[in-house]
Amino acid sequence: MQRLSNYFPMILCLVFLATHSIAEIKENINNKLHLEPQHIETAIKTLVDDKQIAGVSALIYQRGKQVYYGNFGLANIEKNIPVSRNTIFHIYSMTKPITGVALMQLYEQGAFDFDDPIEKYLPEFKDIKVYNGVDKTGKLQLVKPNRLPTIRDFCMHTAGIYIWDEDTPALQAAMNSAFTQTKPTTLAEFSRAGATIPLANHPGKVWQYGFSTNYIARLVEVLSGKSFSAYISEHIFKPLGMKNTTYYVPIEERHKLASIYNYAEDAPLKANVAVAYGLTEKPPTLTQGATGLLSTIDDYMSFALMLQNEGIFNGARLLSSQSIKRMATDYLPQHLSDTNSVRDGVGFGLNVAVRHTSTLPSAEWQGEIGEFYWQGWAGTAFWVDPVNDVTAVIMVQILPYDGKTNKAVRKAIYQ
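Here is a short report on the structure shown in this document. No experiment lies behind these values; they were computed from the predicted model shown.

As for the packing of helix α4 (residues 37–49) against helix α13 (residues 404–414)
Packed helix pairs are specified by the crossing angle of their axes together with the interaxial distance, meaning the distance between the axes.
Part 1 of the argument: At their nearest, the axes of α4 and α13 sit 8 Å apart, and the two run at 155 degrees to each other. For the element pair α4 / α13, the angle class is roughly antiparallel. Of the two elements, α4 crosses α13, and the hand of that crossing is right-handed. For the pair α4 and α13, the contacting residues are His39, Ile40, Ala43, Ile44 and Leu47 in the first and Lys404, Thr405, Ala408, Val409, Ala412 and Ile413 in the second.
Part 2 of the argument: The class makeup of the residues in the contact of α4 with α13 is eight nonpolar, two polar and one charged.

Have a look at this one:
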C-alpha cells in the first residue's frame with residue numbers, strides 16, 4: 001500500500017491529462033493576465049483629450065484572438081480626418097525587425113553565419129578603422145579595430161557605427177561628407193559611403209543605436225540577389241498579407257496617411273511635414289532597412305503575430321521557431337546593457353530588444369520578462385509577450401518621441 005501511494009501524484013497527473021485537452025491546459029497557464037479593455041481605452045482617451053497626441057490606434061491580441069481595438073482622435077487635424085483602421089502610419093524604426101526577419105530567413109538557408117565578419121559580404125568594410133581622437137590640426141587619428149565587426153554586431157548595434165555626437169566634430173564632418181554631399185540613392189551606395197566613416201568605437205565595446213540595420217538590408221540584397229524592397233515584398237509582406245506596408249504612398253492614397261505632429265507644452269500640436277516619408281513623386285530607390293516603411297495597424301499586427309506564433313501566420317511558415325528564439329535572445333554583454341538608450345533591465349537580441357525585468361525603470365514602463373519589442377521614432381510601438389501570449393501594436397504620430405502612449409497602454413494592461 002505504501003508503495004502504491006508513491007504513485008498517487010503520477011496517477012493524479014495522468015487523470016488530469018486524460019480529462020483536460022492541451023488547449024485547456026495552455027488556457028489555464030495563460031490565464032495569469034486578464035486584460036481590461038476599459039482601462040486601455042481610458043488611458044488612450046486621456047492623452048487625446050489632453051491634446052498630447054492628435055490621434056492613436058491600438059490593437060491587442062491575446063491567445064491568438066483580438067481582445068482590444070480602438071481609434072481615438074484625428075489622423076489629420078487640419079482636414080478633420082479621424083484615425084481609422086485604414087490609416088497609414090510612419091513606423092520609422094519598426095522597419096528594423098522586418099529587416100531582421102529577412103536576414104534570418106537567409107540564415108536558415110545557410111547563406112552566412114552571424115559571427116562572419118561583415119567585410120566577407122560587404123568588401124567596402126575591409127579596411128575599416130576606428131576613431132582615436134584628432135591631432136593638433138584637427139585631423140582624424142585612426143587605429144585598427146580590436147577585432148573585425150561581425151554581422152551579429154550590426155544586428156545588435158555593437159559594430160561601432162557612428163551615428164551622431166556633438167563631442168566629435170571630426171566624425172560629424174566625415175558623416176556629412178559621406179551622406180549629405182554624396183546623397184546615396186541606393187543601399188549599395190549607402191553602404192559604400194558609410195564604410196568611409198571611421199567606427200566611433202571598437203566592435204563589441206559600446207551599444208550605439210543607429211543605422212546599422214541599413215547595412216543588414218544591403219546584406220540581404222547581396223545574399224539574395226534581389227533588391228531589398230523586392231525581397232521583403234515577396235518573402236514577408238506577401239505571405240503575411242501586408243498589402244498596405246510600403247516605402248511609398250501614391251498620391252491618390254495619401255488621404256489615408258496620418259500627419260506627424262510636434263508636441264510642446266502649452267502650445268497647440270503643429271504638423272511636421274519635413275520628416276515624413278513616402279511623399280515623393282515616385283517610389284524611392286533608397287529603401288532603408290533601418291527606417292522608412294509605412295504601415296497600417298492590421299498589417300503590422302500580422303507581422304507581430306507571426307513572431308508570437310513562432311514563425312507561422314495563417315498556416316504559412318516564415319521562420320522556424322528556433323530562429324524566433326535566436327532573435328529574442330539577449331546577446332548583449334551585461335556591462336553594455338545600460339549604455340545609450342538601452343534601459344537598465346533590457347538587453348538586445350537580433351534586431352529587437354529583450355526584457356529582463358517587469359518594470360523599466362518606473363512603474364509606468366511595465367511588461368513581462370521575456371518580452372521582445374521595438375518602437376518607432378514618431379511613437380509607434382509593438383511588443384510580443386510570450387508568457388501571457390499577448391501581442392500589441394500601437395500607432396501614433398508625435399514628436400519628440402517620449403513613448404507616452406506606449407507607457408499608458410502598458411500600464412493599463414500590466415498593472
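From this point, things continue past the structure.
Some thoughts on the pattern of salt bridges
Part 1 of the argument: Tallied over the full model, the rule gives eleven salt bridges.
Part 2 of the argument: Here Lys120 ties to Asp116 by a salt bridge, and the two come within 3.9 Å at their closest N and O atoms.
Part 3 of the argument: Here Arg147 makes a salt bridge to Asp153, at a shortest N to O gap of 2.7 Å.

Digging into the layout of surface pockets
Part 1 of the argument: Volume-wise, the largest pocket comes out at about 930 Å³.
Part 2 of the argument: Along the wall of the largest pocket there are 33 residues; nearest its centre are Ile163, Phe211, Tyr277, Gln288 and Thr291.
Part 3 of the argument: Contributing elements (two or more residues each) for the lining of the largest pocket: α7 (169–181) and β14 (372–375).
Part 4 of the argument: A per-element tally of the lining of the largest pocket places α7 first, with four residues.
Part 5 of the argument: Class assignment for the residues of the lining of the largest pocket results in 20 nonpolar, ten polar and three charged.

Structural notes on the packing of aromatic side chains
Part 1 of the argument: Considering all chains together, one arrives at 17 aromatic pairs under this definition.
Part 2 of the argument: With a centroid separation of 5.5 Å and 50 degrees between ring planes, the pair formed by Phe190 and Tyr215 is classed as tilted. Taken together, the residues span a long stretch of sequence, with Phe190 in helix α8 (residues 187–194) and Tyr215 in helix α9 (residues 212–224) at a distance of 25 residues.
Part 3 of the argument: Overall, Tyr215 belongs to the buried group, its relative accessible area being 3%.
Part 4 of the argument: Aromatic ring contacts, followed pair by pair, group Phe125, Phe154, Phe179, Phe190 and Tyr215 into a single cluster.
Part 5 of the argument: Above the face of the Tyr69 ring, Arg85 is positioned so that its terminal group lies 3.9 Å from the ring centre.

Remarks on α4
Part 1 of the argument: For α4, built from 13 residues, the straight-helix expectation of 18 Å at 1.5 Å per residue is met to within 8% by its first-to-last C-alpha distance of 18 Å.
Part 2 of the argument: Within α4, burial applies to Ile40, Ala43, Ile44, Leu47 and Val48. Looking straight down α4, one finds its buried side chains confined to an arc of 135 degrees; they lie on one side.
Part 3 of the argument: Lining the buried residues of α4 we find β1 (55–62), β2 (65–76) and α13.
Part 4 of the argument: A positive phi of about 60 degrees marks Lys51, the residue just after α4.

Some points on the pairing of strand β16 (residues 390–396)
Part 1 of the argument: Burial of β16 is extensive: seven of the seven residues sit out of reach of the surface.
Part 2 of the argument: Pairing geometry for β1 and β16, over seven bridges, is antiparallel. Within the sheet, the bridge partner assigned to Ala58 lies in β16 and is Ile394.
Part 3 of the argument: Across five bridges, the pairing between strand β15 (residues 381–385) and β16 is antiparallel. Within β16, the residue paired with Ala381 across the bridge is Ile394.

What counts and what doesn't
- Residues numbered from 1 in each chain as written.
- Predicted model: local features only at pLDDT ≥ 70, side-chain atom pairs only at ≥ 80, totals over all residues.
- Heavy atoms only, no water.
- Axes fitted to C-alpha atoms, helices over the stretch in contact; angles between N-to-C directions.
- Helix = DSSP H or I, 4+ residues; strand = E, 2+ residues; numbered from the N terminus.
- Parallel < 35°, antiparallel > 145°, perpendicular 65-115°, else oblique.
- Left-handed = near helix turned anticlockwise from the far one by under 90°.
- Contact = heavy atoms within 4.5 Å.
- Nonpolar A, V, L, I, M, F, W, Y, C, P; charged D, E, K, R; others polar.
- Salt bridge = Lys/Arg side-chain N within 4 Å of Asp/Glu carboxyl O.
- 1 Å grid on protein atoms, 1.4 Å probe; cavity = no way out; pocket = protein on both sides within 12 Å on 5 of 7 lines; lining within 4 Å.
- Points joined across faces, edges and corners; volume = space filled by probe spheres on them.
- Phe/Tyr/Trp six-rings, centres within 6.5 Å; stacked < 30°, edge-to-face > 60°.
- Buried < 20%, exposed > 50% of the residue type's maximum accessible area, 1.4 Å probe, protein only.
- Lys NZ or Arg CZ within 6 Å of the ring centre and 35° of its normal.
- Expected span 1.5 Å × (residues − 1).
- Arc of directions from axis to C-beta.
- Pairing = 2+ DSSP bridges.

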